Amino acid sequence: MAVYLLAIRIKINDMSLKVGSFTFLAESSQMDFTGKLMLSVLGNRLLDSAGMHAEKSGFGMAFLNEHHYTWVLSRLAIEWNDMPGQDGQYTVDTWIESVKSLFSKRNFMIKGADGHVMGYARSIWAMIDVDTR
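The model shown is predicted, which means the values in this text are computed figures rather than measured ones.

Draft legend 1. Up close: the layout of surface pockets. Approximately 150 Å³ is the volume found for the largest pocket. Around the largest pocket, the lining comprises 13 residues; the ones closest to its centre are Ala50, Gly51, Ala54, Trp71 and Trp125. Of all elements in the fold, only helix H2 (39–57) and strand E4 (103–112) reach the threshold of two or more residues within the lining of the largest pocket. The biggest single contributor to the lining of the largest pocket is H2, with five residues. Here the residues of the lining of the largest pocket are counted per class, giving eight nonpolar, three polar and two charged.

Draft legend 2. Region of interest: the confidence of the model for the chain. Per-residue confidence for the chain averages 87 on the pLDDT scale, and 87% of its residues sit at or above 70. The secondary-structure element of the chain with the lowest mean pLDDT is helix H1 (residues 2–15), recorded at 57, while strand E1 (residues 20–25) shows the highest, at 95.

Draft legend 3. Layout of the sheet that holds E4. Here we have five strands laid out as an open sheet, ordered E1-E3-E4-E5-E2, and antiparallel in their pairing. Strands at the two margins of the open sheet, each flanked by one partner only, are E1 and strand E2 (69–80). Between one strand and the next, the sheet's axes are offset by a mean angle of 25°, whatever the strand orientation. Pairing analysis gives nine bridges linking E4 to strand E5 (residues 117–129), with the strands arranged antiparallel. Bridge pairing links Phe108 to Ala121 in E5.

Draft legend 4. Structural view of the nonpolar core. Counting 24 residues, the largest nonpolar core has Leu37, Leu42, Leu46, Tyr90, Val92 and Ile110 as its most contacted members. Residue assignment for this core shows that the elements contributing at least two residues are E1, H2, E2, strand E3 (89–100), E4 and E5. Of the residues forming this core, the biggest block, five residues, is contributed by H2. Ignoring sequence-local partners within four residues, the contact set of Ile110 consists of Leu42, Leu46, Tyr90, Thr91, Val92, His116, Val117, Met118, Gly119 and Tyr120.

Draft legend 5. Seen up close, the pattern of salt bridges. The tally for this structure, following the rule as stated, stands at four salt bridges. Here Arg45 ties to Asp48 by a salt bridge, and the two come within 2.9 Å at their closest N and O atoms. In this pair, Arg45 and Asp48 are both assigned in helix H2, three residues apart and thus about one turn of the helix distant. Ionic pairing is found between Glu97 and Arg122, a salt bridge with its closest N-O pair at 2.9 Å. Here Glu97 is found in strand E3, whereas its partner Arg122 is found in strand E5, with 25 residues between them in sequence. Overall, Glu97 belongs to the partly exposed group, its relative accessible area being 40%.

Draft legend 6. Inspection of H2 at higher detail. Taking 1.5 Å per residue as the helical rise, H2 with its 19 residues ought to reach 27 Å, and the 27 Å between its terminal C-alpha atoms agrees with that figure. All buried positions along H2 are accounted for by Val41, Leu42, Gly43, Arg45, Leu46, Ser49, Ala50, His53, Ala54 and Ser57. Backbone geometry just downstream of H2 places Gly58 in the positive-phi region, at approximately 95°.

What counts and what doesn't
- Residues numbered from 1 in each chain as written.
- Predicted model: local features only at pLDDT ≥ 70, side-chain atom pairs only at ≥ 80, totals over all residues.
- Heavy atoms only, no water.
- 1 Å grid on protein atoms, 1.4 Å probe; cavity = no way out; pocket = protein on both sides within 12 Å on 5 of 7 lines; lining within 4 Å.
- Points joined across faces, edges and corners; volume = space filled by probe spheres on them.
- Helix = DSSP H or I, 4+ residues; strand = E, 2+ residues; numbered from the N terminus.
- Nonpolar A, V, L, I, M, F, W, Y, C, P; charged D, E, K, R; others polar.
- pLDDT = per-residue confidence, 0-100.
- Pairing = 2+ DSSP bridges.
- Axes fitted to C-alpha atoms, helices over the stretch in contact; angles between N-to-C directions.
- Core = buried A, V, L, I, M, F, W, Y, C linked by side-chain atoms within 4.5 Å.
- Buried < 20%, exposed > 50% of the residue type's maximum accessible area, 1.4 Å probe, protein only.
- Contact = heavy atoms within 4.5 Å.
- Salt bridge = Lys/Arg side-chain N within 4 Å of Asp/Glu carboxyl O.
- Expected span 1.5 Å × (residues − 1).

As structure tokens, then:
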């Protein structure tokens, strides 16, 4: 286990200053009664962005699952000022803040199509051995 963790920490530390950027479209089926993106959809897009960034960086679920490990979301906090409206594009930027022991902190910034910041989020992830938990 220690060898895998060391390899993953090295990969994550190399990525600590690199930002993944992913663009999404707010579709009509994802709107709430006010015509804005539902919070649950935004949460899913944040997790999608984290997963895609980790995969591109070499420490995603595919890599971990081969070695019987996985990421487990421990906490997710979202703060927003605005939500995209129907057919609005928005971008999620994500980056690793830190890695300590078996936990990593990941940050997010949500921006509208015009580049204005709509909100921020932070997540804490734990890596677990799927065989021994």
